[in-house]
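Coordinate inspection notes
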Amino acid sequence: MPILLAIETSCDETAAAVLRGFDGVLAHEIFSQAEIHSHFGGVVPEVASRNHLVSAPAIIDSAMEKAGLRIQDLDAIAATTGPGLASSLLVGAAAAKGLCIGAGKPFLAINHIEGHLLSPFFGHETIPPHTALVVSGGHTLLLDVEGFGRYRLLGRTLDDAAGEAFDKVAKLLGLGYPGGIEIDRMARSGNPARFEFPRGMIDSGDLDFSFSGLKTAVRTFLEKHGTPSVVDLPDICASFQAAVIDVLISKLFKAARQNSRRVISLSGGVSANSSLRSRSIERAAGEGLEIHFPPQGLLTDNALMIAFAAAHHLAAGHSHPIDSEIMPNFNPHIL
Ligand code: KG4
Ligand code: ZN
């Protein structure tokens, strides 16, 4: 069974994981910088890269120590090389490349989205044909998946990502960063039908998304009604959240229907949302579809999902040039 070290530094999590085969978790280390960035109300790229540089050696050492291995024992070393913040990606990619050069190991350049995309099937040697919704802080994508490496983009957000909308609205409401989890928590005691917020592009006929109009609608609402009272805040959160989820669910199930898929998956940080989970599980049961989510710990950014994607690349006989570039921007053709 090949053993891989993977390093993930695409945004504000410094993470390293060691994986044996497809399911042998030997180490799964994450240092989240969320607390540091919360003082700025969002991720500051330069602060993120400086902190990756400080934390990465300790996180990698700790992962190797937990795995009880030396670098020489590894079969390959992987790093996230995009999409993400350029200055953050560089730190993890440079660390992985340095280790590869030092120990003479193959390098694997892993796409962050592919990491999220495959995470609902963590541990599996085969990725089943399915329709996938990747909803994170940076991306909102619908994909048709034939199997590992065979992905077709069906739709994407034309402006803000779903997680970005959660974070921006949380900021408008004076809730903490990252905002998704705060809105989720508040919304649990709120009435989602109390306020009517727009369901952007729900009837657009295609599988694309738009969330910036919703964010503006919440801002306009707050300008009109002033700072929300303690009583209204849960209802605003629940009503906003319902608007996002209505569109996500409508398009996910439409995509599955159009592509005659009986299996669907949700991944990325927003797939941790309790209402998105319960509503999609209920709807999948109603339509007789099989539904998959990432296991706990693999929802938001982590290196284990990168190691899992890397394990599939390794099994397919891939390795990447040590001088391969980072790719900060999303590019549907390299997925
Ligand atoms: O996948 P992820 O860690 O990072 C990216 O690749 O972007 O996703 C982070 C995003 C943030 O926008 C965060 O607010 C959102 O996931 N998020 C949630 C929840 N937990 C995290 N959004 C809604 N409900 C949640 N429970
Ligand atoms: Zn991510």
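Residues numbered from 1 in each chain as written. Chains lettered and ligands numbered in written order. Predicted model: local features only at pLDDT ≥ 70, side-chain atom pairs only at ≥ 80, totals over all residues. Heavy atoms only, no water.

Moving on: the overall build of the protein chain. Tallying secondary structure elements over the protein chain gives ten helices and ten strands in all. Computed over C-alpha atoms, the radius of gyration of the protein chain comes to 20 Å, within 12% of the 20 Å expected from 2.2 N^0.38 for 335 residues, which places it in the range of a compact globule. In terms of overall dimensions, the protein chain has C-alpha extents of about 60 × 45 × 30 Å along its principal axes. A burial count over the protein chain gives 53% of its 335 residues as buried. Counting only contacts in the protein chain whose residues sit at least 6 apart along the sequence, the fraction spanning at least 24 positions is 73%. A total accessible area of about 13,800 Å² is found for the protein chain, and carbon and sulfur atoms account for 54% of it. Here the protein chain contributes 26 positive and 35 negative side-chain charges, whose respective centroids are spaced 4 Å apart. (Helix = DSSP H or I, 4+ residues; strand = E, 2+ residues; numbered from the N terminus. Rg over C-alpha atoms; globule rule 2.2 N^0.38 Å. Buried < 20%, exposed > 50% of the residue type's maximum accessible area, 1.4 Å probe, protein only. Contact = heavy atoms within 4.5 Å. Areas by Shrake-Rupley, 256 points an atom, 1.4 Å probe, with all protein chains shown as cover. Lys, Arg positive; Asp, Glu negative; His and termini not counted. Charge placed at Lys NZ, Arg CZ, Asp CG, Glu CD.)

Under the domain assignment used here, the protein chain contains domain 1 (3-118 + 298-334) and domain 2 (128-292). Placing a centre on the C-alpha atoms of domain 1 and another on those of domain 2 gives a separation of 27 Å. Counting residues at the interface gives 23 residues for domain 1 and 21 residues for domain 2. Interface area for domain 1 against domain 2, summed over the two sides, is near 1,600 Å², with a carbon-plus-sulfur share of 75%. For the domain 1 face of the interface with domain 2, the top three residues by lost area are Leu117, Leu299 and Phe330, together amounting to 38%. For the interface between domain 1 and domain 2, the tally reads zero salt bridges. For the interface between domain 1 and domain 2, the tally reads five residue pairs in polar contact (both at pLDDT 80 or more). (Domains from an automatic or database assignment. Buried area = accessible area lost by both parts, 1.4 Å probe. Salt bridge = Lys/Arg side-chain N within 4 Å of Asp/Glu carboxyl O. Polar contact = N/O pair within 3.5 Å; in protein donor to acceptor, adjacent residues only side chain to side chain.)

Attention now moves to the site of ligand 1. Taken together, 20 residues surround ligand 1, and among them Gly137, Asp167, Gly180, Asp184 and Asp301 come closest. Within the side chain of histidine 112, a nitrogen or oxygen atom sits 3.1 Å from an oxygen atom of ligand 1. Taken by itself ligand 1 offers 560 Å² of open surface, and the protein chains cover 90% of this. Of all the secondary structure elements, the ones that give two or more residues to the shell around ligand 1 are α4 (112-118), α5 (162-172) and α6 (179-187). With four residues, the top contributor of residues to the shell around ligand 1 is α6. Counted by class, the shell around ligand 1 contains five nonpolar, twelve polar and three charged residues. The residue makeup of the shell around ligand 1 includes at least three contributed by each of domain 1 (3-118 + 298-334) and domain 2 (128-292). (Near = heavy atom within 4 Å. Nonpolar A, V, L, I, M, F, W, Y, C, P; charged D, E, K, R; others polar.)

Summarising the metal site, the zinc ion (ligand 2) is bound by the protein donors His112 (NE2), His116 (NE2) and Asp301 (OD), whose distances to it range over 2.0 to 2.1 Å. Angles of 96 to 133° at the metal separate the four donor atoms of the zinc ion (ligand 2), which places the site in the tetrahedral class. Here the donor residues of the zinc ion (ligand 2) are spaced in sequence according to H-x3-H-x184-D. Here histidine 116 and histidine 112 lie together in helix α4, a separation of four residues that amounts to about one turn. In this pair, the class of histidine 112 matches that of histidine 116, namely buried. (Donors = N, O, S within 2.8 Å, 3.2 Å for Na, K, Ca; no water. Tetrahedral: all angles 85-135°; square planar, octahedral: opposite > 155°, others 65-115°.)

This part takes up the packing of α6 against helix α8 (residues 233-258). Running from N to C, α6 and α8 point in directions that differ by 115°, and their axes come no closer than 8 Å. Relative to α8, α6 is oriented roughly perpendicular. Where α6 crosses over α8, the two elements pack in a sense that is left-handed. Residues Ile183, Asp184, Met186 and Ala187 of α6 lie in contact with α8, whose contacting residues are Leu233, Pro234, Cys237, Ala238, Phe240 and Gln241. Taken together, the residues that form the contact of α6 with α8 break down as eight nonpolar, one polar and one charged. (Axes fitted to C-alpha atoms, helices over the stretch in contact; angles between N-to-C directions. Parallel < 35°, antiparallel > 145°, perpendicular 65-115°, else oblique. Left-handed = near helix turned anticlockwise from the far one by under 90°.)

Moving on: the environment of serine 10. Mapped onto the elements, serine 10 comes out in the loop between β1 (3-8) and β2 (13-20). Look at serine 10 and you get buried, because its relative accessible area is 3%. Along the sequence, serine 10 and serine 88 sit 78 residues apart, while their C-alpha atoms lie 5.4 Å from each other. Once you skip the residues sitting within four places of it in the chain, serine 10 turns out to touch Thr80, Pro83, Gly84, Leu85, Ser88, Leu89, His112 and Asp301. Here the side chain of serine 10 touches glutamate 8 through a polar contact of 2.6 Å, side chain to side chain.

Right, let's get into the pattern of salt bridges. Oppositely charged side chains are able to pair whenever their charged atoms sit close together. Applying the stated criterion across every chain yields a total of 17 salt bridges. Arginine 188 is the salt-bridge partner of aspartate 184, the closest N and O atoms lying 3.5 Å from each other. Of the residues examined, aspartate 184 reaches a relative accessible area of 5% and is grouped as buried. Residue class for arginine 188 comes out exposed when judged on its relative accessible area of 58%. Where salt bridges share partners, they join Asp144, Glu146, Arg152 and Arg261 into one cluster.

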